[in-house]
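# Examination of the molecular architecture
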Amino acid sequence: MSSILTYIAIADGKVKRSSLEVLSHSKKLADAAGFTTEAVIIDPNASNYVEDVQKYGASKIYLVEDALFSEHRNSPLLSALAKIVETVDPKVTAFASTEGTKDILGALAANQKAAVVADVSSFELIDGGIKATRPVMAAKILANVEAKGNKVLVSVRSGSYDLNESPATAEVISVDAGVSEGDLKAKLREIISSTSDTIDLNEAESIVAAGRGVKDDEGKALISELAGVLNAGIGASRALTESGMYDPSLQIGQTGKVVSPQLYIAVGISGAIQHVAGMANSKVIVAINKDPDAPIFEVADYGIVGDLYKVLPPFIEELKKIKT
Amino acid sequence: MKFYVCIKMVPDVTAPLQIKEGELIMDADRVVLNAYDASAVEEALVLTEKHGGEVEVVCIGPAKASETIRKALAMGADKGTHIQTTGDEGYDSTSYATILSAFFKDKEYDVLSLGKQSQDTDSGLTGSMVAEKLDLPYATNAVGLEVEDSKLIVKRQGDTGQEMIELPTPCAVTCSNDMNDPRIPNLKGIMASKRKPIDSIDISSLGLSDEELSPATKTLSYAPKPARKAGQKFEGEADEIARKVAQLLDTEANVI
Ligand SMILES: Cc1cc2nc3c(=O)[nH]c(=O)nc-3n(C[C@H](O)[C@H](O)[C@H](O)COP(=O)(O)OP(=O)(O)OC[C@H]3O[C@@H](n4cnc5c(N)ncnc54)[C@H](O)[C@@H]3O)c2cc1C
Ligand SMILES: Nc1ncnc2c1ncn2[C@@H]1O[C@H](COP(=O)(O)O)[C@@H](O)[C@H]1O
C-alpha cells in the first residue's frame, strides 16, 4: 500500500511542533488518497516519543534508536533515512524545514534518486507526485511547483499547517541505523553555543525582534523586559547578529530563520526584504521605528512611529497592566 | 589547498518584478553573483592567501554568466570555468548538481565550496547533492572556515547552537553570508581579471544523457504573494501612542 512518511525531528527531549504540523497535514492527504500515514523517529531515545506521534495519526512508526544520534550529524542521519526510505518506499517523504533537515535533504534526494522540493508553504498530492507552493525572490512571490517521480521528498516551513490530533495505535518497528561511529569521516569537535534555554523561535507564540535601532545595553534590557512580559522569544535582524549583540541562532530572515508567530514586534528594524522574508507570515505585526518611511511599516498591522527608547517603557508598562 | 567554488548568476531580488499570466517578468540585465557564493569565494581567497593554494570558480549558465565569473576573478579567483546553457532548460537544483558532479568527477581538489542557497529560489539543495554524488564528507550552512593541516574546520549554524566540525579533504562545504563580507573588486583586480583564463565548455562534453539532465521538478506558474491588509500607523506623543497600541493588541488583535 502507498504511504506518506513523515520524519519526526526531536529537539531538547521534545518532538518538534513543526514536525507534528507536517504529520497532521500528511495524515489528511494520506486519508483522502487511501494511503497509509507513517512516521520515522531517529533519536537515542526514539521510543519515548511514540505516544506523542501516534496522537497525530501515524499508523506505523519506524524507530532508529541509537546513541549515534545524540547530536546532529549529517552522515549517520543520512544513512538511516536512506535505509528507511529505501525499505518503506513511500510515495512522499515529508519533513519540517529545520536546519537539521536542510543539512541532509539534497543528499537524501541524490541518494534515493528522488524528486525534491524544499521549504514549501503548502503541498498536495497529484498523480505521480506532488504540487507545492514555495516563496521565492526573497518571499516576494510564490512559485507553484510540481515534483514527479517514484519517490518525492518535500520540506515544509514551520507554521504552514495547524496541529490536528487524530489518535491511532501505531505498529512500532525498530530499525537498525546501518552505520557505526567508525564509518563516519566527519568529526564533530564541539557544540559552541546553544540557545536551548531560550524559547524556540519556530515554535514561539510571540517574538520580539531587535534591529540596529537597538544600540546599547539599555536597549537590550528593554527588549528583554518586553519579551519577558509577553513570554516571547527574542529574535534579531542580521545587523545585530553580525555585530555580535545577539546570538547568531536568533537571526530572522532569508539567511536566518523563517518564523510565523501570532505576534511579531519589530523594534528598530528597517524592514529590508531579506528580513521581511522571514517574518511576513506572522499573524499580527507591530513595528516600532523612528523613521515614518521605514519599509517595515508596509507589513505592520500596528506601526508606532517613534524613538524606541521613549516608546518601549510606556508600552511595557501598559502591557504589564493588561496582563494583571 | 585547492578550492573549487560553484558560483551562480541569479536575478537581483531587489529589482522590480511583475507577474503576467503566471509568468515572472524581470529585467534580464539585473543579475548578480549569488550573495552566498560571493561569501564562499571570499572565504576561499582568505584561506589561500593565508595557507597557499588556488581558487577556481565554476558557473553553469547562459552567455551572460561570464560576467559573473569575471566578478569572481576580479575578487581574486585564479581561473574560471563556464559551463554553457541557454538558460531555458528549466534546470532545477538536481540538474545543476548532476552537471557539477560530472564536471568534478575527474578533477583534483581539496575543497568544493558552494553557497548555502540560491538567493532567488532559496532551494539550498545543490551542495549536499553534489557531496553525496561525489561521496564527499560535507558540512552545510558554514559561518566560519579554517584550515588545519589537511583538514577543513567548519563552524556551522545549526538549529540552536553552532557546531564545530572537522572534515578530512577532499570535502564539500556550503557557505552562509554570515561568514564574511565579500570584498568589492578594486580597479587592479578588475584589470587583472581580464587576463585570467575562462574555460568555456559545453554541457554535451560531460557525457550526461537527457534523462540524467531532465529536471524532476517544474515551476508551473508564479503568483504574487497575497498582500497583508493595510495596517494602522500611529504618530505623535510616544507615551500616548505606545499605550494605545498596547491596548489595541489586547482588545482588537487579541494577541496578549
Ligand atoms: C542574501 C542576503 C541575506 C540576508 N539575510 C538576512 C536575514 O536573514 N535577516 C536579516 O535581518 N537581514 C538579512 N539581510 C540583511 C538585510 O538586507 C538588512 O541589511 C538588515 O536586515 C538590516 O537590519 P536592521 O533593519 O536592523 O538595520 P537597518 O537597516 O540599519 O535599520 C535600522 C532601523 O532602526 C531605526 N532606528 C534607529 N534608531 C532608532 C530608535 N532610537 N528608535 C526607533 N527606531 C530606530 C532606523 O530608522 C532604521 O529603520 C540579508 C541580506 C542579504 C544580501
Ligand atoms: N548554475 C549553477 N552554477 C554554479 N553553481 C551553482 C549553480 N546552481 C547552484 N549552484 C551552487 O549551489 C548552491 C545552492 O544552490 P540551490 O540548491 O539552488 O539553492 C549555490 O549557492 C551555488 O554554489
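Note that the coordinates shown come from a computational prediction; the quantities given were computed from them, not determined experimentally.

### Quick word on the domain arrangement of chain A
Residues and elements named next belong to chain A.
- Taken as a whole, chain A is organised into domain 1 (3–183) and domain 2 (206–323).
- Using C-alpha coordinates to define each centre, domain 1 is positioned 32 Å away from domain 2.
- Listed by partner, the interface residues are six residues for domain 1 and five residues for domain 2.
- Interface area lost by domain 1 to domain 2 is led by Ala138, Arg157 and Ser158, which between them contribute 62%.

### Describing empty space enclosed by the protein
- As enumerated under the stated definition, the model contains three cavities of 30 Å³ or more in all.
- Space inside the largest cavity adds up to approximately 150 Å³.
- Lining the largest cavity are 15 residues, with Ser97, Thr98, Lys102, Asn202 and Val258 of chain A sitting closest to its centre.
- Tallied by class, residues from the lining of the largest cavity come to three nonpolar, six polar and six charged.
- Mapping the lining of the largest cavity onto the domain boundaries places at least three of its residues in each of domain 1 (3–183) and domain 2 (206–323) of chain A.
- Lining the second largest cavity are 15 residues, and of these Arg73, Asn74, Ser75 and Ala186 of chain A together with Ile165 of chain B sit closest to its centre.

### Some details on the site of ligand 2
All names here are of chain B.
- Taken together, 18 residues surround ligand 2, and among them Cys6, Asp37, Ser118, Gly124 and Thr126 come closest.
- Contact between ligand 2 and Ser93: an oxygen atom at 3.0 Å from a side-chain N or O atom of the residue.
- Here Gly124 contributes a backbone N or O atom positioned 2.7 Å from an oxygen atom of ligand 2.
- Summarising the interface, the protein chains cover 99% of the accessible area of ligand 2, which totals 490 Å² for the free molecule.
- Within the residue set of the shell around ligand 2, elements represented by two or more residues are strand E6 (54–61), helix H3 (93–104) and strand E8 (111–115).
- Looking at the shell around ligand 2, the element that brings in the most residues is E6, giving three residues.
- Taken together, the residues of the shell around ligand 2 break down into eight nonpolar, eight polar and two charged.

### Describing unusual backbone geometry
- The omega angle of the peptide bond from Thr169 of chain B to Pro170 of chain B is 0°, so this bond is cis rather than trans.
- Positionally, Pro170 of chain B belongs in the loop between strand E11 (162–168) and strand E12 (171–175).
- In the Ramachandran plot, Ala138 of chain A falls in the positive-phi region, its phi being about 55° despite a non-glycine side chain.
- Residue placement: Ala138 of chain A occurs in the loop between strand E9 (129–136) and strand E10 (141–148).

### Observations regarding the site of ligand 1
- With respect to spatial proximity, 30 residues lie near ligand 1, and among them Arg212, Ser237, Ile252, Ser270 and Asn289 of chain A are the closest.
- The separation between an oxygen atom of ligand 1 and a polar main-chain atom of Thr255 of chain A is 2.9 Å.
- In the model, an oxygen atom of ligand 1 is placed 2.7 Å from a nitrogen or oxygen of the Ser270 of chain A side chain.
- Of all the elements in the fold, those that place two or more residues in the shell around ligand 1 are helix H6 (238–242), helix H7 (273–276) and helix H8 (308–323) of chain A together with helix H1 (35–51) of chain B.
- Among the residues forming the shell around ligand 1, the class breakdown is eight nonpolar, 16 polar and six charged.

What counts and how
- Residues numbered from 1 in each chain as written.
- Chains lettered and ligands numbered in written order.
- Predicted model: local features only at pLDDT ≥ 70, side-chain atom pairs only at ≥ 80, totals over all residues.
- Heavy atoms only, no water.
- Domains from an automatic or database assignment.
- Contact = heavy atoms within 4.5 Å.
- Buried area = accessible area lost by both parts, 1.4 Å probe.
- 1 Å grid on protein atoms, 1.4 Å probe; cavity = no way out; pocket = protein on both sides within 12 Å on 5 of 7 lines; lining within 4 Å.
- Points joined across faces, edges and corners; volume = space filled by probe spheres on them.
- Nonpolar A, V, L, I, M, F, W, Y, C, P; charged D, E, K, R; others polar.
- Near = heavy atom within 4 Å.
- Polar contact = N/O pair within 3.5 Å; in protein donor to acceptor, adjacent residues only side chain to side chain.
- Areas by Shrake-Rupley, 256 points an atom, 1.4 Å probe, with all protein chains shown as cover.
- Helix = DSSP H or I, 4+ residues; strand = E, 2+ residues; numbered from the N terminus.

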